[in-house]
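Coordinate inspection notes
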Amino acid sequence: MSRLKTALGGYAGYQGREGHLAFLLHRVTGLGTVLFLTIHIVDTALVYFRPELYMDAVALYRSTLFGIGEVFLVFCVFYHGINGLRIAAFDLFLKKNWQIQTARSSVRWTLGLTLLLWLPATVIMVRNLLIHNFGLFGG
Amino acid sequence: MSAVNLEKRRSFDQIAWNAMRYSGVLLIFLAFGHVLLQDVIVGVHRIDLDYVAMRWANWGWRMYDLFLLAFAFAHGMNGVRQVLSDFVHQERHMRAVNVALLVVWLVVTLMGAAAIFGGVRPVQ
């Protein structure tokens, strides 16, 4: 138990500014994505194993609660992907960019690019939700 | 632990370290494409059995989904392994974690692959 406290305390107490934020977000978004991915593989496999149950799973995903969750899921995928690309590029080809100032500014670019992709996607997904679940915009 | 084992484990972790980066770059195309198409452009309200059947009528999309399944889930499971290795410090506990994750990875991947190859079955 003390090890758990040590690790979590390190996560919370480390003062690494942008790099720290990027690390924490990468973990949280990765874990969120893999949790949903596991469920999603199983529910999609229903089309073969139990097709009569597939629409029950889809009905759940069409609910407002899951619709909001979907917006966060898309953020997770976009952030994890763009930040992962940054990590891969620096680790494999541009090691000198781990130098602290470049690394910090690259985190800000990552967050900016994530928002640039995520916000339009969110507008479309929220609009779909309002059309189908609340009868707005002629739904 | 013998030096041979240490050497072996280091080389597996090196392979995993590289695999996370290369599969990650590949997943930018596969996963972003999947999310943009299914969540944003099509939307969950237009997805049903007929939609999946129509999509999988094209073997190109089945291969796309197979690659996405294989790379995304392996990448994710190894990520979970990495996170857990921050919290689990005893060798034998970590071995149990590895075995459990390997089983989950194998079972879920095979389920997904069976559905992709088997396709949509008619409702009885």
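Residues numbered from 1 in each chain as written. Chains lettered and ligands numbered in written order. Predicted model: local features only at pLDDT ≥ 70, side-chain atom pairs only at ≥ 80, totals over all residues. Heavy atoms only, no water.

Chain A goes by Succinate dehydrogenase in an unreviewed UniProt entry, where it is assigned to Levilinea saccharolytica. UniProt, in the comment section headed Subcellular location (unreviewed entry), describes chain A in these words: "Membrane". (UniProt positions renumbered as here; feature names shortened; annotations may be inferred.)

Concerning helix α5 (residues 100-134) of chain A
Here α5 of chain A spans 48 Å end to end across 35 residues, near enough to the 51 Å set by a 1.5 Å rise per residue. Following α5 of chain A by one or two positions, Gly135 of chain A adopts a phi angle in the positive range, close to 65°. (Helix = DSSP H or I, 4+ residues; strand = E, 2+ residues; numbered from the N terminus. Expected span 1.5 Å × (residues − 1).)

Examining the pattern of salt bridges
All names here are of chain A. A full pass over the atoms with the stated rule returns eight salt bridges over all chains. The residue Arg17 makes a salt bridge to Glu18 at a minimum N-O spacing of 3.2 Å. You can call Arg17 exposed: its relative accessible area is 52%. Through salt bridges that share partners, Arg17, Glu18, Arg104 and Arg108 make up one connected network. (Salt bridge = Lys/Arg side-chain N within 4 Å of Asp/Glu carboxyl O. Buried < 20%, exposed > 50% of the residue type's maximum accessible area, 1.4 Å probe, protein only.)

Topic: the interface of chain B and chain A
Across the boundary between the two partners, chain B contributes 45 residues, which contact 45 residues of chain A. Carbon and sulfur atoms make up 76% of the area that chain B and chain A hide from each other, which totals about 3,900 Å². By the criterion of area lost to chain A, the three top residues of chain B are Phe32, His45 and Phe87 of chain B, representing 18% of everything that side buries. Inspection of the chain B/chain A interface yields two salt bridges. Across the salt bridge formed by Arg27 of chain A and Asp86 of chain B, the nearest N and O atoms sit 2.8 Å from each other. Where chain B meets chain A, there are ten residue pairs in polar contact (both at pLDDT 80 or more). Those elements giving two or more residues to the side of chain B that touches chain A turn out to be α1 (3-42), α2 (49-56), α3 (59-87) and α4 (91-118) of chain B. With 13 residues, α1 of chain B is the single largest residue contributor to the side of chain B that touches chain A. (Contact = heavy atoms within 4.5 Å. Buried area = accessible area lost by both parts, 1.4 Å probe. Polar contact = N/O pair within 3.5 Å; in protein donor to acceptor, adjacent residues only side chain to side chain.)

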